[in-house]
Every structure is written in C-alpha cells, then in structure tokens.
Amino acid sequence: MNLVEALKNRKVQLGIAAVAILLAVALTLVWVLQPKNDNPQTAATPPAASASGDADGTAVTSPDAAPPASPGACSALDEAGFVPVSYSIEKLGIEANVVSLGNDADGNIEAPPKDEPKTAAWWNMGPAAGSNTGQVVLSIHTYQSGEAVGNQLYKDGTSQLAAGDVLKLTSADGRTACYQFTEDQKVDEATFDRDSDLLERQTGDPALAIVICWDHNKDTNGWDSRIFFKFKPVTEEA
C-alpha cells in the first residue's frame, strides 16, 4: 500500500469514527430529553391497600378491609349512651321522631307536642338511649280518637306487643339501641306512687319503659290510668 492509499484509508476510518460518535451523542440526547412519567396512577400500589373494579365499574375492596356496619344494627351498651332522634317498632309498623324533653310545669315527665300522635318524648333527665345503667323513659300519646301510637300499643284491654318484640332507638349519627318487650303494667293514676322506680330509675340494670295514658274520663277530660310497657336491652335481634 502506497502513501496515498494509506491516507485515504485513514480518512475513511476517521469518518466512520465521527459518525459513530455523532450517533452516540444523538441517542444520549434522546434518552435525556425523553419526558418522565410522573402520573401517580401508574405507580405501584401495595396489594393490601389497592382496590380493583368489576366490569360494571363497581369497586371491589381488599379482602382485608373491614365491612361497613349494617344499617340499624344493634349497638353495644356503654356508659354515655346517646340522644335518640327516632324510634321504630317493626311489629306495629311504627317509625317516627323522638324529641328530647324534661319535666312539665307540674313536675311530671313531659309529653310530646299534642298535635304529634306518633312522636315519642325521651325524658332527658334520665338515662340516655343505649346506656348501660338505669331506665330509659319514653312518653307517647294516646288519643280519644284512637289515632295515636298509644292506641296501637294497647287495644281492648290487651297489649299489642308480645314478648321479644323489638323497639329501636336511633341517634343522629346512626347508632341504634335495641330493646325487647318483656311485660306491661296498668296502674291507676289515683294510686300511682310517683316516688317509686316503676318509671324513673337512674341506676340498676339497663331497661326501657314507655308510658301512655289510658281510661279517658269524660267528666274530667283526664285519664284515670297509666300503662307502662317494659323492655330489656339486647345487642342482637332474636
């Protein structure tokens, strides 16, 4: 090989090397300038904290997730209890509001507003609903016309509740206290001992009592007797 050919070969080799360097630089720039994928939805998620979806879009939570509480499920009793805002007695198809009231001007447990035949009054000077001591007291109307809840509870001299029938009290935040009916007791107004614990009881085993008026007296336009419906708390319905 003469000198001229050697110089030509040298130029060719230098050209090839230059092209290779340019290609390497170009590839490096492409990699550096490529946009980063910052979308957090594509990041790996720990399986225990993930949620998937069915074909219809319904979310499927992790098997480790705690199931939500069932609406209307009976809550455990505690010391504080809660303020009830509604009550229900499924046996009689009753579902209505509860108002919080104390004593009336005569010192008696206050009744619900006269024009609200289904509303119950919770005596707020006694134990709260769902409390673990003392007797919760509800006052409910009886109407001469027979259109109030008291008339549904008692007919023809007989309680319309059977042992085990459930009454539920519910709070504004969804807590539910459940009580099962045990017995009823009719007492003459004239002989009722207001100092007894038949109705008002702050201590002792937890319970619930409903009081209604009965035996309307046309001469006095009053009621000659009271009927007390007694319940015991339960955490599960039978």
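Look a little higher up for the structure.
A.B. asks: Break down the packing of aromatic side chains for me, citing the residues and quoting the values.
C.D. replies: Tallied over the full model, the rule gives five aromatic pairs. Plain terms: the ring middles of Y154 and F229 are 6.4 Å apart, the flat faces sit at 75 degrees to each other, and that makes the pair edge-to-face. Of the two residues, Y154 is situated in strand 7 (residues 154-155) and F229 in strand 12 (residues 222-234); the sequence distance between them amounts to 75 residues.

A.B. asks: Hey, could you go over the nonpolar core for me, with residue numbers and the actual values?
C.D. replies: Among the nonpolar cores identified, the biggest contains 29 residues, and Y87, L169 and I210 are the most heavily contacted of them. Ranked by residue count, the leading element in this core is strand 11 (residues 207-217), at four residues. V187, F192, L198 and F228 belong to the second-largest nonpolar core, a separate cluster that totals 10 residues.

A.B. asks: Residue-level account of the environment of N151, with values.
C.D. replies: As for its position among the elements, N151 is in helix 2 (residues 149-153). The exposure class assigned to N151 is buried, which follows from its relative accessible area of 10%. For the pair N151 and P117, spaced 34 residues apart in sequence, the C-alpha separation works out to 9.7 Å. Not counting residues within four places of it along the chain, the set of residues in contact with N151 comprises H141, T142, Y143, G146 and W214. A polar contact of 3.0 Å, which involves the side chain of N151, links it to the backbone nitrogen of A148.

A.B. asks: Provide a residue-level description of the layout of surface pockets, including the pertinent values.
C.D. replies: By volume, the largest pocket is sized at about 850 Å³. Lining the largest pocket we find 31 residues, and of these I109, A111, S139, C213 and R226 sit closest to its centre. Of the residues that constitute the lining of the largest pocket, the class distribution is 12 nonpolar, 11 polar and eight charged.

A.B. asks: Hey, could you go over the sheet that holds strand 11 for me, with residue numbers and the actual values?
C.D. replies: Two strands in a sheet stick together by hydrogen bonds in their backbones, pointing the same way (parallel) or opposite ways (antiparallel). Strand order in the closed barrel made by the eight strands is 3-4-5-6-11-12-10-9, with mixed pairing throughout. Averaged over all pairs of adjacent strands, the angle between their axes in this sheet comes to 35 degrees, without regard to strand direction. Of the pairings in the sheet, the one linking strand 4 (residues 94-101) to strand 5 (residues 120-123) comprises four bridges and is parallel in character. Residue pairing across strands places S100 opposite W122, the latter belonging to strand 5.

A.B. asks: Tell me about the side chain of Q135, and please be specific about residues and values.
C.D. replies: As for its position among the elements, Q135 is in strand 6 (residues 135-140). Within polar-contact distance, the side chain of Q135 engages the backbone oxygen of L199 at 2.8 Å. Ignoring anything within four residues of it in the chain, the contact list for Q135 reads P127, D197, L198, L199, R201, A207, L208, A209 and K230.

A.B. asks: Describe the pattern of salt bridges, with residues and values.
C.D. replies: Taken as a whole, this structure holds five salt bridges when the rule is applied. The partner of K186 in a salt bridge is D215, and the shortest N-O contact between them spans 3.0 Å. Taken as a pair, K186 in strand 10 (residues 176-188) and D215 in strand 11 lie far apart in primary sequence, 29 residues in all. Among the charged side chains, a salt-bridge network with shared partners connects E189, R194 and R226.

What counts, and where the lines are drawn
- Residues numbered from 1 in each chain as written.
- Predicted model: local features only at pLDDT ≥ 70, side-chain atom pairs only at ≥ 80, totals over all residues.
- Heavy atoms only, no water.
- Phe/Tyr/Trp six-rings, centres within 6.5 Å; stacked < 30°, edge-to-face > 60°.
- Helix = DSSP H or I, 4+ residues; strand = E, 2+ residues; numbered from the N terminus.
- Core = buried A, V, L, I, M, F, W, Y, C linked by side-chain atoms within 4.5 Å.
- Buried < 20%, exposed > 50% of the residue type's maximum accessible area, 1.4 Å probe, protein only.
- Contact = heavy atoms within 4.5 Å.
- Polar contact = N/O pair within 3.5 Å; in protein donor to acceptor, adjacent residues only side chain to side chain.
- 1 Å grid on protein atoms, 1.4 Å probe; cavity = no way out; pocket = protein on both sides within 12 Å on 5 of 7 lines; lining within 4 Å.
- Points joined across faces, edges and corners; volume = space filled by probe spheres on them.
- Nonpolar A, V, L, I, M, F, W, Y, C, P; charged D, E, K, R; others polar.
- Pairing = 2+ DSSP bridges.
- Axes fitted to C-alpha atoms, helices over the stretch in contact; angles between N-to-C directions.
- Salt bridge = Lys/Arg side-chain N within 4 Å of Asp/Glu carboxyl O.

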